[in-house]
Amino acid sequence: MSKQDKAEERIEKLRAKINRHNHLYHVLDSPEISDAAYDELMLELRRLEEQYPQFMTTDSPTQRVGAAPIEAFGIVEHPLPLLSLGNAFSQQELLAWNERTSRMLAGQQASFVCEHKIDGLAVALTYVDRRLVVGATRGDGYRGENITQNLRTVRSIPLSVPREAPPRFEVRGEVFMPKAGFDKLNRERAEAGQPLFANPRNAAAGSVRQLDPRITATRPLDIYIYMLGYAEGRATPDSHWQTLEYLKSLGFKVNPHNRQCNDILQVEDYYNTWMEKREELPYQADGIVVKIDLVGFQEKLGSIGHEPRWAIAYKFPAVQGNTVLKEIKISVGRTGTLNPYAVLEPVSIGGVTIKQAALHNEDDIRRKDIREEDTVIVQRAGEVIPQVIGPVISRRTGKEKPFSLVDKLYNHKKGRALCPICGAEVFKSEGEVMYYCPNAACPAQMQQRLEHFASRGAMDIRGIGDKMSALLFREKVVKDFADVYYLKEKRDKLLGIDRMAAKSIDNLIQAIEKSKQRPLPRLIYALGIRQIGGETAEILAGEFDSLGSLAGATRDKLTSIHTIGPRIADSVAAFFSNEGNKEIIEKLRRAGVLPPAEKETSPEELPLSGMEFVITGRLDGLSRQEAESRIKSHGGTAKSDITRNTNYLVVGAEPGSKLARAQSLDIKQINEQELLRLLDKNA
Ligand code: IVH
């Protein structure tokens with residue numbers, strides 16, 4: 001076979017392979033290979049097509065910008081196509097790009113704007129006469145889906161813009177799901193037995209392509225605008241950086257981590273900094289985007305195929321890898337859930353050695369057909385706990401074993417499946433996917449219940465984390481979380497424990513005393529009642545003025561509350577009728593854990609009542625004092641520091657460290673315009 005024939009054959013093989021993986025990923029939502037392996041296939045194909053242009057076809061996967069649009073949404077023709085980006089996978093490729101562009105600019109020195117390449121989906125938003133009229137997906141670059149109604153539910157997308165905006169324009173940006181929201185959504189889906197999303201990008205794409213916008217509205221979506229598509233009737237700035245500033249001034253959310261770079265060395269610095277710190281970001285980023293700043297230069301460079309020459313995606317190394325799943329083990333969660341997890345052949349992913357990964361629930365394991373001894377795809381990106389994405393079917397040898405939780409926990413002598421920690425018989429209620437250990441006194445549960453009780457969103461007892469909690473149980477100084485309020489009587493015993501200094505014991509006791517005054521919603525949340533998260537705890541606290549009255553509430557009384565369904569009502573009733581829990585509540589009462597009664601809420605409550613704002617950076621139109629007093633006059637409070645209770649961070653020019661803190665706590669950020677609109681709307 002000639003070299004040409006060989007190339008042609010390889011090209012066809014690669015196309016078939018890539019098409020298959022595209023289908024697995026985008027349609028079936030169950031990839032078999034890692035993103036990095038996929039990128040490699042694409043790269044090989046692209047190189048071969050460049051080398052042998054005679055074999056290029058219009059339906060090659062390299063010629064496709066994205067998935068074809070779905071008719072159900074209605075099709076939007078993009079007046080200006082939405083381009084894709086070329087990739088650089090190494091410093092060498094970045095420098096080669098820089099050289100190509102400098103050559104085309106005849107040696108004129110270009111400067112750059114660097115941005116994070118967020119893993120979400122591209123959307124185009126069209127505004128006419130100050131109003132958002134169309135929001136569309138990229139689709140194939142020329143035609144996308146009309147998902148306006150869904151995008152309207154994304155709170156960081158302005159529905160209208162100020163008078164200074166051009167009469168007709170389009171902006172483009174990335175809709176994404178922050179990591180914290182993604183983890184929470186998947187946890188909830190795992191508990192409800194729904195299929196899980198493979199990664200935040202799939203979750204974001206799945207969320208905006210819902211046929212019912214009410215579902216989209218419940219999903220934690222956000223957006224960063226990264227460019228202006230076109231603008232009619234107004235002159236726009238002549239550099240990308242200034243354009244972003246301009247878009248910010250119109251109320252759009254622009255990534256505060258964007259940077260201007262004067263030369264390619266600064267670009268490399270930016271890349272290296274974020275490659276190291278990317279785990280700290282509240283969203284998943286798979287690289288940076290480098291853009292040539294001057295619009296004049298961009299025009300000169302133009303584009304080739306679907307890719308502009310003036311921008312490039314410089315990818316971070318992979319955070320997925322393949323390894324062997326040695327065994328599926330089971331841990332006991334705080335509420336007694338029996339959680340399967342994967343014990344892996346250690347594998348280094350993105351510089352971190354991974355030995356274990358989450359598996360969520362039995363249904364999910366079955367659906368993905370993950371078996372012991374399978375070679376699996378493991379992903380570390382973003383999630384606190386690495387995830388098993390799925391098996392690599394082509395590596396099966398036949399000795400892989402399908403998983404059954406009951407088989408795993410089956411005790412032949414007793415003829416039943418037993419909790420791996422305390423030996424109680426496991427159960428599963430009808431309609432649920434999780435098995436439970438029913439023993440509330442199971443040491444595994446008790447320890448985690450204390451950890452939860454003391455956590456930041458709950459009673460916030462500094463000094464009690466996972467280690468201290470384990471120690472207190474191990475040393476038998478507590479039997480349940482209520483016992484921490486009696487620790488002061490055991491000061492001597494604590495002193496006898498290895499490495500506990502008197503000072504730290506006193507600090508701990510002081511922190512415990514302080515927590516007695518936490519408000520009722522926190523105490524309700526801290527109890528760790530199944531199905532009761534922070535929000536539901538707030539609702540319950542709004543209805544009942546004390547723990548006592550909540551404990552005495554009937555199921556009917558509970559279900560009569562708007563948003564409280566039968567599942568929550570059952571869970572609350574079951575919790576308070578359990579003897580062990582009753583004892584705990586009594587201990588709390590005797591120790592004087594008495595949350596201050598919530599103040600009466602008047603019917604004419606002010607529109608921003610209960611909302612906490614923090615301001616960072618310099619505001620343009622308002623002084624900080626003015627902004628704070630207007631927030632207060634609308635019923636809100638203005639605080640100087642970010643806490644978990646902060647509702648909004650108002651971000652001005654040159655924001656300080658509060659921004660990073662707000663991002664890490666997933667607190668909503670708004671700019672000055674959005675604040676004004678919020679005040680206006682409620683004037
Ligand atoms: S600019 C002409 N900037 O990456 C330039 N894209 O393959 C077009 N993306 O479709 C895109 N973050 O979905 C740009 N800061 C950023 C981005 C970004 C993520 C995505 C976007 C685009 C894809 C390119």
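Up top is the structure.
Criteria and thresholds
- Residues numbered from 1 in each chain as written.
- Predicted model: local features only at pLDDT ≥ 70, side-chain atom pairs only at ≥ 80, totals over all residues.
- Heavy atoms only, no water.
- Helix = DSSP H or I, 4+ residues; strand = E, 2+ residues; numbered from the N terminus.
- Buried < 20%, exposed > 50% of the residue type's maximum accessible area, 1.4 Å probe, protein only.
- Contact = heavy atoms within 4.5 Å.
- Arc of directions from axis to C-beta.
- Disulfide = S-S within 2.5 Å.
- Near = heavy atom within 4 Å.
- Polar contact = N/O pair within 3.5 Å; in protein donor to acceptor, adjacent residues only side chain to side chain.
- Areas by Shrake-Rupley, 256 points an atom, 1.4 Å probe, with all protein chains shown as cover.
- Nonpolar A, V, L, I, M, F, W, Y, C, P; charged D, E, K, R; others polar.

Undergrad: Any chance you could explain the side chain of Asp 119 here in plain terms?
TA: Within the secondary structure, Asp 119 is located in the loop between strand S3 (112-118) and strand S4 (121-128). Note on Asp 119: relative accessible area 8%, which makes it buried. Apart from residues no more than four positions distant in its own chain, Asp 119 is found in contact with Glu 174, Phe 176, Arg 201, Gln 284, Ala 285 and Asp 286.

Undergrad: Help me understand helix H8 (residues 240-249), please; the structure alone is not making it clear to me.
TA: Along an α-helix, a turn takes 3.6 residues, which lines up residues three or four apart on a common side. Where H8 is concerned, the buried positions are His 240, Thr 243, Leu 244, Tyr 246 and Leu 247. Seen end-on, H8 carries its buried residues on one side only, within an arc spanning 160°. Of the residues trailing H8, Gly 251 is marked for its positive phi of about 105°.

Undergrad: Got a minute to help me understand the environment of Met 446 in this structure?
TA: One can find Met 446 in helix H13 (residues 443-453). Remark: the alpha-carbon pair of Met 446 and Val 478, spanning 32 residues in sequence, is separated by 9.7 Å. The residues touching Met 446, leaving out its near neighbours within four places in the chain, are Ala 440, Ala 441, Phe 473, Lys 479 and Asp 480.

Undergrad: When you look at the state of the cysteines in this model, what are you seeing that I'm missing?
TA: Every disulfide links exactly two cysteines, by a covalent bond between their sulfur atoms. Under the defined criterion, the tally for this structure stands at 0 disulfides. Free cysteine: Cys 114, not disulfide-bonded; nearest cysteine sulfur from Cys 261 at 3.8 Å. The structure places no disulfide on Cys 437, whose sulfur is separated from the nearest cysteine sulfur, that of Cys 422, by 3.6 Å.

Undergrad: Help me understand the site of the ligand, please; the structure alone is not making it clear to me.
TA: Inspection of the region around the ligand gives 15 residues, with Glu 115, Arg 138, Glu 174, Tyr 226 and Lys 291 positioned closest. Residue Leu 85 places a main-chain N or O atom 3.4 Å away from an oxygen atom belonging to the ligand. Ile 118 places a polar main-chain atom, nitrogen or oxygen, 3.3 Å from a nitrogen atom of the ligand. Protein chains bury 91% of the 520 Å² of accessible surface belonging to the ligand in isolation. For the shell around the ligand, the elements supplying multiple residues, two or more each, are S3 and strand S10 (285-292). At 4 residues, S3 tops the list of elements feeding residues into the shell around the ligand. Residues that form the shell around the ligand fall into these classes: 8 nonpolar, 2 polar and 5 charged.

This is a description of form; function is not addressed.
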